[in-house]
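Close look at the chain arrangement
Chain by chain, the residues:
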Amino acid sequence: MLHSRLLTYVDEVARTGSIRKAATHLNVAASAISRQILALETQLGTPIFQRLPKKLILTAAGEVLIGHIRQTLKEMTRAQGKIEELKGLRRGEITVAMMSGLASNLVPGTVKQFRLANPRVKLILTLYTTGDEIQSAVANGEADLGIGFDFTKDSNLKVLARAVGKLGAVMAPSHPLAKRVSIRLSDCIDYPLVVADTSSAIRPYLDAAFTRVSLDPQPIIETNAIEIMRHAAILENGITFLTPFDIEFERRAGRLVYVAVRELSQDTQALMLIGHERGSSAIASVLAEMLKTMMQQAAS
């Protein structure tokens, strides 16, 4: 078994690409790190780093090893967290992988509540662009929990919570259509439109809906950033198309309203909370329950 200190050395060198930078971050002598890594390479009978003039990069053997190292370090953190919980200190570390739109809307309120109840627990909130990246982070042990939309089925993962939201029209409370219970796409066409671009999971639903009613929208903004869609709807007094999950904070603050769109009534997105099939630490399970409650409230 590799010594935990050596695991940390290899992991930090892999992250920084430099023994000198790793030594600075870890507050140890660069010579000590170099000596340990050379001894490990001798033991393995193969180099784990390719030494370029200005950077160290992992070899194929190093890539295999680093996966084991990071999994081991993560398991050690989980074990330490459970021990602290047994001691009644409720310490530990939880990593949550999420999509950026959720980071500025749904998740912060839950994080605040969790931190008030568990001030000694460290939270690492990491943003990812795609659902595949989030699933991979949880499956590989880089994250304890993942939250995002429409994850695919994975045998290494289990769905801890699921809530469904319908796409609808989002606008400022002062917008002429904001008081309606429901509207049609034809009602929206004469107002400034802010729509998801073609890289977004939302866009195919919109394209299909507009095509069905033979409308050709001319948006003023196309973007893959939900933050921009929300702010543009407020500042431009326009309309964008999102789920209630995407604007939960703004709805409570009275900055945006959600209006059902008849042609989008069947188009839903599933907000999902996932964990590894083998289970999570006790403290991560506490956060998962709080996130589950948040999801259910936002969907209602």
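As a convention, each chain's residues are numbered from 1 in the sequence order in which they are written. Totals for whole chains, interfaces and linings use all residues, but because this is a predicted model, local features are given only for residues with pLDDT of at least 70 and pairs of side-chain atoms are given and counted only at 80 or more. As a rule here, side-chain values cover all heavy atoms of the structure and leave hydrogens and water aside.

1. Considering unusual backbone geometry
- Despite not being glycine, D150 has its phi angle at roughly 50°, a positive value.
- Secondary structure elements follow DSSP: runs of H or I of four or more residues count as helices, runs of E of two or more count as strands, with numbering from the N terminus. When you line up the elements, D150 lands in the loop between strand 5 (145-149) and strand 6 (157-166).
- Positive phi outside glycine occurs at N237, with the angle close to 50°.
- Along the chain, N237 falls in the loop between helix 10 (226-235) and strand 11 (239-242).

2. Considering helix 6 (residues 107-117)
- Every buried residue belonging to helix 6 is among V107, T110, V111 and F114, and all of these are buried. Buried residues along helix 6 cover an arc of 100° about the axis, so they all sit on one side. In helix 6, the exposed positions angled more than 90 degrees off the buried face are occupied by K112 and L116. Three labels apply to residues, based on accessible area from a 1.4 Å probe with only protein chains included: buried if under 20% of the type maximum, exposed if over 50%, partly exposed otherwise in between. The arc in question is the one spanned by the directions pointing from the helix axis to the C-beta atoms.

3. With respect to the packing of helix 1 (residues 4-16) against helix 2 (residues 19-26)
- Every angle, taken between N-to-C directions, lies between 0 and 180 degrees, and every axis is a line fitted to C-alpha atoms, over only the stretch in contact when it is a helix. Packing of helix 1 against helix 2 brings their axes to within 8 Å, and their N-to-C directions diverge by 120°. In terms of orientation, helix 1 lies oblique with respect to helix 2. Along this stretch, helix 1 crosses helix 2, giving a crossing that reads as right-handed. The residues of helix 2 that touch helix 1, namely those facing T8, Y9, E12, V13 and T16, are I19, K21, A22, H25 and L26.
- Amino acid classes used here: Ala, Val, Leu, Ile, Met, Phe, Trp, Tyr, Cys and Pro are nonpolar; Asp, Glu, Lys and Arg are charged; the rest, including Gly, are polar. Residue composition of the contact of helix 1 with helix 2, by class: five nonpolar, three polar and two charged. In this scheme, roughly parallel covers angles under 35 degrees and roughly antiparallel covers those over 145, while 65 to 115 is roughly perpendicular and the rest are oblique. Here a crossing is called left-handed whenever its near helix is offset anticlockwise from the far helix by less than a right angle, and right-handed whenever the offset is clockwise. The criterion used for residue contact is that any of the two residues' heavy atoms lie within 4.5 Å.

4. Side note on the sheet that holds strand 13 (residues 268-276)
- In this description, strands pair whenever DSSP reports at least two bridges between them. One open sheet accounts for five strands, arranged 4-3-5-13-6; its pairing is mixed. Looking at strand neighbours, the two that pair on one side only are strand 4 (121-128) and strand 6, the edges of this open sheet. Neighbour to neighbour, the strand axes of the sheet diverge by 15° on average, direction disregarded.
- With respect to the sheet, helix 7 (residues 131-139) is in contact with strand 3 (92-99), strand 4, strand 5, strand 6 and strand 13, its orientation differing from that of strand 13 by roughly 20°.

5. What about the sheet that holds strand 8 (residues 182-183)?
- The sheet built from six strands is open, its strands ordered 8-12-7-11-9-10 with mixed pairing. If you trace the sheet from one side to the other, it starts and ends with strand 8 and strand 10 (221-223), each paired once.
- Relative to strand 11, strand 7 (residues 168-171) runs antiparallel, the two being bridged by three bridges. Each residue of the ladder has a partner; that of V170, found in strand 11, is T240.

6. Section: the packing of aromatic side chains
- Ring pairs shown here join Phe, Tyr and Trp side chains whose ring centres sit within 6.5 Å, with only the six-membered ring taken for Trp; geometry is labelled stacked below 30 degrees between planes, edge-to-face above 60, and tilted in between. Tallying each qualifying case throughout the model produces two aromatic pairs.
- Ring geometry for F149 and F245: centres 6.1 Å apart, planes at 45°, overall tilted. Note that F149 is positioned in strand 5 and F245 in the loop between strand 11 and helix 11 (248-252), a separation of 96 residues in sequence.
- Classification of F149 by relative accessible area gives buried; the value is 11%.
- For F245, a relative accessible area of 0% gives the class buried.
- Judged by centre distance (6.1 Å) and plane angle (85°), the rings of F210 and F241 are edge-to-face. In this pair, F210 sits in helix 9 (residues 203-212) while F241 sits in strand 11, placing the two residues 31 residues apart along the sequence.
- The buried category is assigned to F241, whose relative accessible area is 0%.

7. Some words on the confidence of the model for the protein chain
- Looking at the protein chain, pLDDT values average 88 and 95% of them are 70 or higher.
- Averaged pLDDT values over the elements of the protein chain bottom out at 68 in helix 5 (residues 100-103) and peak at 96 in strand 7. One confidence number per residue, pLDDT, is output by the predictor and ranges from 0 to 100.

8. Notes on the pairing of strand 11
- Covered by surrounding structure in strand 11 are I239 and F241 together with T240 and L242, the residues of both alternating faces.
- Note that strand 9 (residues 193-196) and strand 11 share two bridges and pair parallel. When the bridges of strand 11 are listed, V194 appears paired with T240.

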